[in-house]
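In case you want the letters, here they are:
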Amino acid sequence: MFLALRELRFARGRFTLMGIVIALIAVLVVLLSGLSSGLVNDGVSGLKAMPATAFAFDKGTITDNAFSRSLVDSQQLQMWKKAQGVDKAEPLGVSIVNGTTDVGKQVDLTLFGIEPAGFLEPSVSSGSTVGNDLGGIVVSETAKSEGIKLGSVVTLDRIGLKLTVVGFTEGQATFGHVDVAYLPIDTWRLIASNTARPGAPTAEQIASLEYRYSSVVAIQAPSRTDLAAVDATAGTMTMSHTEAFNASPGYEAETMTLTMIQVFLYAICALVVGAFFTVWTIQRKGDIAILRAVGSSRGYLLRDSMAQAAILLIGFTAIGVAVGVGFGALMPAAMPFDLEAGPIGLASILTITLGLIGAALAVIRISRIDPLTALGGQR
Amino acid sequence: MTTPTSTTTSALDIRDVTLELGDGDARIRALDNVSLTVLPGEFVAIVGPSGSGKSSLLAVAGALTKADSGTVHVHGTDLGRIRSNAAARFRLHTIGFVFQSGNLIPALTAGDQLRLAGRLAGNSSVDPAPLLDAVGMKHRLKHRPGQLSGGERQRVGIARALVNSPSLLLVDEPTAALDRARSHEVVQLLAVQARRANVAVVMVTHDHDVLGHCDRVLEMVDGTLSP
Ligand SMILES: Nc1ncnc2c1ncn2[C@@H]1O[C@H](COP(=O)(O)OP(=O)(O)OP(=O)(O)O)[C@@H](O)[C@H]1O
Ligand SMILES: [Mg+2]
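Let me sum up the structure you'll find in this document. (Residues numbered from 1 in each chain as written. Chains lettered and ligands numbered in written order. Predicted model: local features only at pLDDT ≥ 70, side-chain atom pairs only at ≥ 80, totals over all residues. Heavy atoms only, no water.)

## Observations regarding the environment of A:Leu39
Residues and elements named next belong to chain A.
Here is step 1 of the chain: Position of Leu39 among the secondary structure elements: in helix α2 (residues 12-48).
Here is step 2 of the chain: What makes Leu39 buried here is its relative accessible area of 16%.
Here is step 3 of the chain: Non-local contacts of Leu39, meaning those with residues more than four positions away in its chain, are made with His177, Glu254, Leu258 and Pro336. (Helix = DSSP H or I, 4+ residues; strand = E, 2+ residues; numbered from the N terminus. Buried < 20%, exposed > 50% of the residue type's maximum accessible area, 1.4 Å probe, protein only. Contact = heavy atoms within 4.5 Å.)

## With respect to the site of ligand 1
Here is step 1 of the chain: Around ligand 1, a shell composed of 16 residues is seen, among which B:Ser50, B:Gly51, B:Lys54, B:Ser55 and B:Ser56 lie nearest.
Here is step 2 of the chain: Ligand 1 sits at the junction of chains A and B, each of which supplies nearby residues.
Here is step 3 of the chain: Between an oxygen atom of ligand 1 and a side-chain N or O atom of B:Ser50, the distance comes to 2.5 Å.
Here is step 4 of the chain: B:Gly53 places a polar main-chain atom, nitrogen or oxygen, 3.0 Å from an oxygen atom of ligand 1.
Here is step 5 of the chain: In isolation ligand 1 exposes 630 Å². Once the protein is present, 69% of that is buried.
Here is step 6 of the chain: Where the shell around ligand 1 is concerned, the elements lending two or more residues are β2 (28-38) and α2 (54-61) of chain B.
Here is step 7 of the chain: Along the lines of polarity and charge, the residues of the shell around ligand 1 split into four nonpolar, 10 polar and two charged. (Near = heavy atom within 4 Å. Polar contact = N/O pair within 3.5 Å; in protein donor to acceptor, adjacent residues only side chain to side chain. Areas by Shrake-Rupley, 256 points an atom, 1.4 Å probe, with all protein chains shown as cover. Nonpolar A, V, L, I, M, F, W, Y, C, P; charged D, E, K, R; others polar.)

## Digging into unusual backbone geometry
Here is step 1 of the chain: In this structure, A:His177 takes a positive phi of about 65° despite not being glycine.
Here is step 2 of the chain: With respect to the helices and strands, the residue A:His177 is situated in the loop between β8 (174-175) and β9 (178-184).
Here is step 3 of the chain: Judged by its relative accessible area of 31%, A:His177 falls in the partly exposed class.
Here is step 4 of the chain: A positive phi is found at B:Asp16, a non-glycine position, where the angle reads about 50°.
Here is step 5 of the chain: Within the element layout of this structure, B:Asp16 appears in strand β1 (residues 12-21).
Here is step 6 of the chain: Of the residues examined, B:Asp16 reaches a relative accessible area of 43% and is grouped as partly exposed.

What follows is the structure, given as structure tokens:
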């Protein structure tokens, strides 16, 4: 790296200019990664937190918004409960509602109707779990920013049903960019069947309820279980836990858009770095020819040049990531933006690796420079 | 005629070398049956018109190009029989090149030019001061080529060529960019170094003024060498 370091210092103007471009790309990469994590969390963190391995939808449900479109009956649920190799099968009701809090604030909630004390029961950070309190809801921790507190009463618009906040989930639980409210499946059925009456739900209302549906069946089963066979008999179609993300509102469109922008950014990074090192290599063609004539091996010069590219990329990517994380901290809370070490680390490694590939394609020219050109009269 | 024993003792021994360059119609005979023997410590100058094949002769002698026919020995090593990687290593340890002016690495100080040459040969503890002192450049140790005059650059170039103690120094038009006084200085320096370290020097030049410093002057015309 003897030559690499001295050239970096000597041509610091050019390298800094290139470095700034790399750093800006890294800033963008971090911001996109944060936005993408934020959107994913906003879109499906409620699903992500569920310990289900798969979800069974009614057969023929289209993928888009499948959770709120699907409707499975009690027969289908029973088949899943009795199916071989399926550890747990419980109903899950999903619907998005509008409501008003007791202080008059309008809120949107995704209702997750679950079996009380079932395996879908979320862990709570404060208050109690979804018990047998028919009008109790456990709300995503993020709803606190909307002014919702333990004991807050949310009245559903038009229906007039009153739900009381009894607990908060541990961490964010949102679905389709709306805070999740867990409630007993029977209360969910009351709402879904349009038989709810104003006021808190009562046991008599539940008792007279003939509606036995849920949106999907949440399943816990080892991976070797043949879910397709159960699907065939139950008339359902299953999606794995991660496949089901695409069935939540807007998820696929959002992630695809962001992924495409990221792919373009990585390609731009490789191209820009490659173009810079192509010009730089051509500029020092004469120097390389002299070093080759003097007796330097190709390997030494290639290693030295790649080390130079690596220093530039790693140094300025680190700066860019730091700036990006700094920007991220300044983002308004309402923006779906989450900085997560894993995706940022992966994004930085990708930026550096693709930059290095671009540099390698340029630097490889060094090995083709003929030392003969160093001699006078043959230039 | 040279005897086989003189092959091993001579620094450079070129025999009946032919070199063709270019392709098709553009193919020309750059070297035509050239023979040349240079002894250790001998300073040989080669003059001749432009395009006569002088640089080509240095390329063949310095293992940068292989002759099409004939043999080239440097201190007993047959350059026709070594591959390009081995040739690079051979150049590193046995041959020193001095090029036309401006052939220093712009990013490196005078001292670092010499240190890099040492490192390439696996010697990372080269002290450039004594060699730069020998060419009168010790006071410019920390200067980059851009901060040196043409003659100063050429002297640093000579010091760099000597770092790995070569036994053959190949010099291509070292005075092309220098005025008369500087030209004399540089060529005299080469002559002194040749004698002091017993290095064989082959210098190509257009400059007839400096030939007085040389032991022998040969003329190249259309690819053939004559005294
Ligand atoms: N790569 C090449 N391909 C084809 N022909 C070449 C090549 N290099 C040199 N030549 C030709 O070979 C001949 C000898 O070239 P060379 O460079 O050895 O001449 P020279 O005596 O060093 O000239 P000058 O004094 O101008 O440096 C010239 O006619 C030149 O045009
Ligand atoms: Mg020439």
